[in-house]
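Inside the fold
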Amino acid sequence: MKRILFLSMFLLCAICSKSQVLDGLGVIRLGMTINDFIEKFPDAKSQEDFNDGLSKTFVLDEFTPVNGYSIKEFHLSFFNDSLYAMYTIEPTNIYEALKIKYGDPVIKHDKTPREYVNGLGIPIIKEDESFNMKWDTGNPDIICYYNDQIKHDSHGKANRYISFGIENQKIFQTIKSILEQKKQEKDLKQKQEKLKELEGL
C-alpha cells in the first residue's frame, strides 16, 4: 500500500513539473494586452519601433518580479495588441530564480580561439567564450534563454555581452514574413517606377 501511495505521489509530482509553462515573469505574461500592461506599469516608456510599425515596444527601467531578483532596461514588445517578447541586454540574476523554479537549463558552452598581434608585434591567442542557456518552457512556440558571452574586438580587448528573454518564436516568424513581403512589394514598386522612367529609352 505504501509503495502504491509513493508511486502515485511521484507520478503526480512529475506531471505537475511537466505541466509548468514558462511564459513570463511575475505579473508580466506573454499574450497580455497593452492596456493590461499600462495599467500595471503606467510609468513604462515607449520606444521607437524597429519593425516598420508592426509592433510596439515599451521599456521598464527596472522590473522586480520577486524580491531579490531584478531586471534592468526590460523591453516588452507587442504585436496585434498581444505581448510576444520580453528581453534585456543588461546583466541580471533572474536566471538563478529560473533554475530554482524550472530546473537546470540546457547549456551550450563554446570556446573559439582567435589570434591577435599585440603592441610589440607578437601574435597571441585569446579565446571567445559563450554560455547559452535554454529552458523547457512547456510550449514549443515559446523560448526562454540566457546568453553570457565574452568576445574580443580587433585589438584583442575582451567585451562581455549578456542577453535574456522570453519570446514567442511563432509570432517572430509571422512578423519576419510580413516584413519580407513588404520589402518585396517595395522593391517591385521601385522597379516599376524605374521602368516607367525609362519608357522613352
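Structure shown above.
Quick caveat: nothing in here was measured; it's all calculated off a predicted structure. (Residues numbered from 1 in each chain as written. Predicted model: local features only at pLDDT ≥ 70, side-chain atom pairs only at ≥ 80, totals over all residues. Heavy atoms only, no water.)

Below, the discussion takes up the overall build of the protein. The number of helices and strands found in the protein is four helices and ten strands. Across the protein, helices and strands are ordered from the amino to the carboxyl terminus as α-β-β-α-β-β-β-β-α-β-β-β-β-α. Against the 2.2 N^0.38 benchmark of 17 Å for 201 residues, the protein shows a C-alpha radius of gyration of 23 Å, more extended than a compact globule. With the principal axes as the frame, the protein shows a C-alpha extent of 95 × 55 × 35 Å. Looking at the protein as a whole, 30% of its 201 residues qualify as buried. Across the protein, contacts joining residues at least 24 apart in sequence account for 47% of those joining residues at least 6 apart. (Helix = DSSP H or I, 4+ residues; strand = E, 2+ residues; numbered from the N terminus. Rg over C-alpha atoms; globule rule 2.2 N^0.38 Å. Buried < 20%, exposed > 50% of the residue type's maximum accessible area, 1.4 Å probe, protein only. Contact = heavy atoms within 4.5 Å.)

Another point: the pattern of salt bridges. According to the stated counting rule, one finds six salt bridges in the structure shown. The salt bridge partner of Lys182 is Asp52, with a shortest N-O separation of 3.1 Å. Here the residue Lys182 occupies a position in helix 4 (residues 169-197), and Asp52 occupies one in the loop between strand 3 (45-47) and strand 4 (55-66), the gap between them amounting to 130 residues. A residue is classified by how much of its surface remains accessible, and Asp52, at 53% relative accessible area, is exposed. For Lys183, the salt bridge identified is with Asp187, shortest N-O distance 3.0 Å. Taken as a pair, Lys183 and Asp187 lie in helix 4 at a separation of four residues, close to a single helical turn. (Salt bridge = Lys/Arg side-chain N within 4 Å of Asp/Glu carboxyl O.)

Topologically, Ser77 is positioned in strand 5 (residues 69-79). Judged by its relative accessible area of 2%, Ser77 falls in the buried class. Here the side chain of Ser77 touches Thr57 through a polar contact of 2.7 Å, side chain to side chain. With sequence-adjacent residues up to four places away left out, Ser77 is seen in contact with Lys56, Thr57, Ser82, Leu83, Tyr84, Ala85 and Tyr87. (Polar contact = N/O pair within 3.5 Å; in protein donor to acceptor, adjacent residues only side chain to side chain.)

What follows concerns the pairing of strand 9 (residues 142-152). Bridging between strand 8 (residues 123-135) and strand 9 involves seven bridges; their strand directions are antiparallel. Paired with Met133 across the bridge in strand 9 is Tyr146. Connecting strand 8 to the antiparallel partner strand 9 that follows it, the hairpin turn spans six residues, and Gly138 within it adopts a positive phi of roughly 85°. Where strand 9 and strand 10 (residues 158-168) come together, eleven bridges link them in antiparallel fashion. Considered in strand 10, the bridge of Ile142 is made with Asn168. (Pairing = 2+ DSSP bridges.)

A negative phi angle is the norm for most residues apart from glycine, just as the trans form is the norm for most peptide bonds. One non-glycine residue with positive phi stands out, namely Glu73, at about 50°. Within the secondary structure, Glu73 is located in strand 5. The phi torsion at Asp81 lies on the positive side, around 60°, for a residue other than glycine.

Attention now moves to the sheet that holds strand 3. Either a parallel or an antiparallel arrangement is found when strands of a sheet pair, and the pairing is made through backbone hydrogen bonds. With antiparallel pairing, eight strands are arranged side by side in an open sheet as 3-4-5-6-10-9-8-7. For this open sheet the edge positions go to strand 3 and strand 7 (106-117), each flanked by a neighbour on one side alone. Each adjacent strand pair in this sheet contributes to an overall mean axis angle of 25°, direction not counted. Two elements, strand 5 and strand 6 (residues 82-88), share five bridges in a ladder whose sense is antiparallel. Note that in strand 6 the partner of His75 across the bridge is Tyr87. Set on the sheet, helix 3 (residues 94-102) makes contact with strand 4, strand 5, strand 8, strand 9 and strand 10; between it and strand 5 the angle comes to about 80°. (Axes fitted to C-alpha atoms, helices over the stretch in contact; angles between N-to-C directions.)

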